[in-house]
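Here is how the chains run, residue by residue.
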Amino acid sequence: MKRFLALPLVFLLAVGAVSASSAFDALLNDFSSDAVFDVQYFDEDTNVSIGEHNFTIPKGYGEIDQLDVNLKVKNDSQLVKLFTNGNGDVLVVSITADEILNDASAYIPDDIPYENATVNGQEGLKWNQEGNSYFVYLENNDAIVLQSQKDFNFEDMIV
């Protein structure tokens, strides 16, 4: 059985946690709107810790704090962080505890072609789906899924 953590699923889960539907609808309609959320954009590439993992978020992006959600999905702990650059581009980092599967391909939907990839020393799997780019890898008993709305160089994010 495969577990699927796609951008639409993450957004649906985040919507359930947020419950402010009008603000979230506005966010989905226009990520470039600074009026929806108070986002502080980074003046330089910035290191952030998410759970026990470190990432570099590119200059010009900022964290959407109001959508910081810590979810329980089928007894697995999942941490999701979203970042936007104010121009409609969004980066999503999803970390799910994975002490059992230990298989990155379990996080890719069926019938989606993917390729083995090494990104900044991390071996994982890369694929594109419906205009979104994904990279999933396993580290310290966690499955980490990076998502972007465009072809993004995840090399710059993984520390």
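Residues numbered from 1 in each chain as written. Predicted model: local features only at pLDDT ≥ 70, side-chain atom pairs only at ≥ 80, totals over all residues. Heavy atoms only, no water.

A.B. asks: Before we go on, may I ask you to explain the pairing of strand β9 (residues 132-139) in this structure?
C.D. replies: Within a regular strand, side chains alternate between the sheet's two faces. Buried residues dominate β9, accounting for 6 of its 8 residues. Here strand β8 (residues 122-129) pairs with β9 via 6 bridges, running antiparallel. The residue of β9 that forms the bridge with L125 is V136. Taken together, β8 and the strand that follows it, β9, pair antiparallel across an intervening segment of 2 residues, in which E130 is found at a positive phi of about 50 degrees. What sits between β9 and strand β10 (residues 142-148) in their antiparallel hairpin is a turn of 2 residues, with N140 showing a positive phi close to 50 degrees. (Buried < 20%, exposed > 50% of the residue type's maximum accessible area, 1.4 Å probe, protein only. Helix = DSSP H or I, 4+ residues; strand = E, 2+ residues; numbered from the N terminus. Pairing = 2+ DSSP bridges.)

A.B. asks: Can you walk me through the side chain of D142 in this structure?
C.D. replies: Secondary-structure assignment places D142 in strand β10. On the basis of relative accessible area, D142 is assigned to the buried category, the value being 13%. Beyond its immediate chain neighbours, meaning those up to four positions away, D142 contacts H53, I95, T96, A97, D98 and Y137. (Contact = heavy atoms within 4.5 Å.)

A.B. asks: Honestly, the pattern of salt bridges in this entry has me stumped. Any pointers?
C.D. replies: Note on pairing: side chains with opposite charge can pair once their charged atoms come close. Enumeration over the complete set of coordinates arrives at 1 salt bridge. For K81, the salt bridge goes to E63, with nearest N and O atoms at 3.2 Å. One end of the pair, K81, is in strand β5 (residues 76-84); the other, E63, is in strand β3 (residues 62-63), and 18 residues separate them in sequence. Pair check on accessibility: K81 and E63 agree, each one buried. (Salt bridge = Lys/Arg side-chain N within 4 Å of Asp/Glu carboxyl O.)

A.B. asks: I would appreciate a short explanation of the environment of L91 in the present structure.
C.D. replies: Within the fold, L91 resides in strand β6 (residues 90-97). Here L91 falls in the buried class, since its relative accessible area comes to 0%. C-alpha of L91 to C-alpha of S148: the two residues are 57 residues apart in sequence and 4.8 Å apart in space. Apart from residues no more than four positions distant in its own chain, L91 is found in contact with P58, Y61, K81, L82, F83, Q147, S148, F152 and M157.

Shape descriptors only; they carry no functional weight alone.
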